[in-house]
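Listed here are the chains, written in short residue letters.
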Amino acid sequence: MRNSSLFLLLFLSLNFSAQIVSETQKLESLCRVWGFLKYYHPHVAKGNLNWDEQLFQKINELEYINDKKSLNNLYADWIQSLGEVPPCKECSIKDNKVYFLKNFDLSWMDNSLIFSKDLSQKLHDIENNRNLGDNHYFGKWGRKIYFRNEKSYGSKFTSKTINLLELFRYWNYVEYFFPYKYQTDQNWNNVLTEMIPKFLGVDNTENYHLTLAELVTKTDDSHAYLSSKEIQNNLYGARKVPVDFSYAEGKLVVTKINATRPRNKNPLHTGDVIYDIEGKTIPQMINSLGKYIPASNSWGKVNKIKDKLLFSNSDSISVKIEREGQNLVIKTKTYFLKDIIHEKSKAPKKWKFIDEEEKIGYVDMGIIEKEDLDEMYGNLKSAKSIIFDLRNYPKQTIIPLSYLLLPEPSVYYQFTFPDADYPGKFYSRKNVTGRKNPEYYKGNVIVLVDESTQSQAETTTMMLKQHPKAKIIGSNTSGANGDVIMFTIADLDTRFTGLGAYYPDGRETQRIGIIPDILVKPSVEGLKNKKDEVLERALEYIKSTD
């Protein structure tokens, strides 16, 4: 019996030491260890090593690793080669920051299926004696992070090793510096598991860009994008139907016919309702392209995709339309963008009375500047109601506007900022705007919003919401708020949200958007008849309050 027990223990011990690890498991662990050491190990974080070359070397060495014991020996030797980590007394000092920890997750270090207890302890020792202060790979601009000192390897496919480098870079950017990592549809750890085989399978430039776009899309962030001519020209097309249009109820409504070079008669008419393009409905097209276009929610995805729907590489496309009660199939020409003539329309007014008798003012927040605000308010402060149209992007008018409109200082948002001394952790701070103002505006403050109301526009909406007689009218906003980090991946411009932004009580706006008090969405009939149904509903509300 004793011999049997000893044999079993010996068998289990040998089996444990020879535990097989898959190629994906090896690369997942390498991505995590490489990224962690990059930002935490004092010698690495100070830029003392060529960290990309170290990754290339480890990728090559992994080819000869098949079991857990050998993998741990590889990492232990690597960490030892980086030099001794000096004790960090400052690392254990508690500060007065209010921490936001939903994103912070170093639990992978304790995954016993991959890491031994000894290696886990080495990693935790580095965490507890981490780099403080300046970091070679990221800097701080105010409270915002920016990435730096990353070598470019170009935007063309060159090797699977470079593919993995760019995947590992991006995955770790999100892992440590994206404030809404915890809100992605797919757990960020599972994204790594899924994307490693996809990046290994890439063997040409077009697929390289598409796979990068798929990775960026998994942030579920309307701030995010990947700027790629390769994708534009091959996935969407370089030619376009020369019309302007709006979206409603899963269809496109033509709002303007543009002239072209050479001038040709367009078979489409203003008011035509397009419901099918080359045999696909508009929702089908949006679903097929959605894999490559990041957005915080479904309405944000529609808003970002709709402008790409009438592009093609063919010189014409077939569309199905509704016109005056009839369903028609029309073949319409496409043109290069340089050959489409956009006639300049009359510049809109920054502010005006839209109803002199009812004394209703209107402010276009997309064009009014900070230096205009005093004059605007002098003109409109006698109005019983002022409509602030935020279906656009404002010009940093939030603070001076709050001084004119709000009766007293108000907490209108709280932000979370990345902690540069503890990557992955964020800390919170409440934002106050406005001032004590007995002469504040006493009338109705009406705010018009929709899915194009994003970021600073959403924050401005929340400031206006602090007015005692505020009413938000329209549809849910974009749900992407908190400034951005702009950088490159594979030499392609990209970005994601850099600061977290929340309601004063901590509720999220990211992915949800600001929910209007009165829900109004444009309809196909309204667009055909050139109606602004959101503005019309605002006027109805104002008249009901008289």
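Quick caveat, the model's predicted, so the values are computed rather than measured.

### Describing the overall build of the chain
Helix and strand counts for the chain come out as 17 helices and 26 strands. Each principal axis of the C-alpha atoms in the chain carries an extent, and together these give about 95 × 60 × 50 Å. Contacts in the chain between residues far apart in sequence, at least 24 positions, make up 73% of those at least 6 positions apart. Summed over its atoms, the accessible surface of the chain is roughly 25800 Å², and 49% of this surface lies on carbon and sulfur atoms. Taken as two groups, the 74 positive and 69 negative side-chain charges of the chain have centres that lie 1 Å from each other.

### A short note on the environment of G500
Within the secondary structure layout, G500 lies in strand 25 (residues 500-502). As a C-alpha pair, G500 and Q454 span 46 residues in sequence and 14 Å in three-dimensional space. Not counting the four nearest positions on each side in its chain, G500 is found in contact with P179, Y180, Q414, F415 and T416.

### Notes on the packing of aromatic side chains
In this description, a pair of aromatic rings is defined by centroid distance and the angle of the planes. If you walk through the whole model with that rule in mind, you get 34 aromatic pairs. Aromatic side chains Y180 and Y502 sit 6.1 Å apart centroid to centroid with 55 degrees between the ring planes, which places their arrangement in the tilted category. Of this pair, Y180 sits in the loop between helix 7 (160-177) and helix 8 (188-201) while Y502 sits in strand 25, and the two are 322 residues apart along the sequence. By relative accessible area, Y502 is classed as buried at 3%.

### Section: the UniProt feature "domain: Tail specific protease" (unreviewed entry) in the chain
Within the UniProt annotation, "domain: Tail specific protease" (unreviewed entry) is assigned to residues 314-521. Secondary structure content for residues 314-521 is 12% helix and 38% strand, and the end C-alpha separation is 34 Å.

### Some words on the confidence of the model for the chain
Summing up the model confidence of the chain, the mean pLDDT is 95 and the portion of residues at 70 or higher is 97%. Within the model, the stretch residues 6-16 combines pLDDT values under 50 with 1 contact to residues more than four positions away or in other chains.

### Digging into the state of the cysteines
Counted by the stated rule, this structure contains 1 disulfide. A sulfur-sulfur distance of 2.2 Å marks the disulfide that ties C88 to C91. With the S-S dihedral at roughly 90 degrees, the linkage between C88 and C91 falls on the right-handed side. As far as burial versus exposure is concerned, C88 and C91 are alike and both buried.

### Considering the side chain of D276
Along the chain, D276 falls in strand 9 (residues 273-277). At 2.9 Å, the side chain of D276 forms a polar contact with the backbone nitrogen of G279. For D276, the side chain forms a polar contact with the main-chain nitrogen of K280, separated by 3.4 Å. Excluding its chain neighbours within four sequence positions, the residues that come into contact with D276 are T281, I282, S318, V319 and K320.

About the thresholds
Residues numbered from 1 in each chain as written. Predicted model: local features only at pLDDT ≥ 70, side-chain atom pairs only at ≥ 80, totals over all residues. Heavy atoms only, no water. Helix = DSSP H or I, 4+ residues; strand = E, 2+ residues; numbered from the N terminus. Contact = heavy atoms within 4.5 Å. Areas by Shrake-Rupley, 256 points an atom, 1.4 Å probe, with all protein chains shown as cover. Lys, Arg positive; Asp, Glu negative; His and termini not counted. Charge placed at Lys NZ, Arg CZ, Asp CG, Glu CD. Phe/Tyr/Trp six-rings, centres within 6.5 Å; stacked < 30°, edge-to-face > 60°. Buried < 20%, exposed > 50% of the residue type's maximum accessible area, 1.4 Å probe, protein only. UniProt positions renumbered as here; feature names shortened; annotations may be inferred. pLDDT = per-residue confidence, 0-100. Disulfide = S-S within 2.5 Å. Polar contact = N/O pair within 3.5 Å; in protein donor to acceptor, adjacent residues only side chain to side chain.

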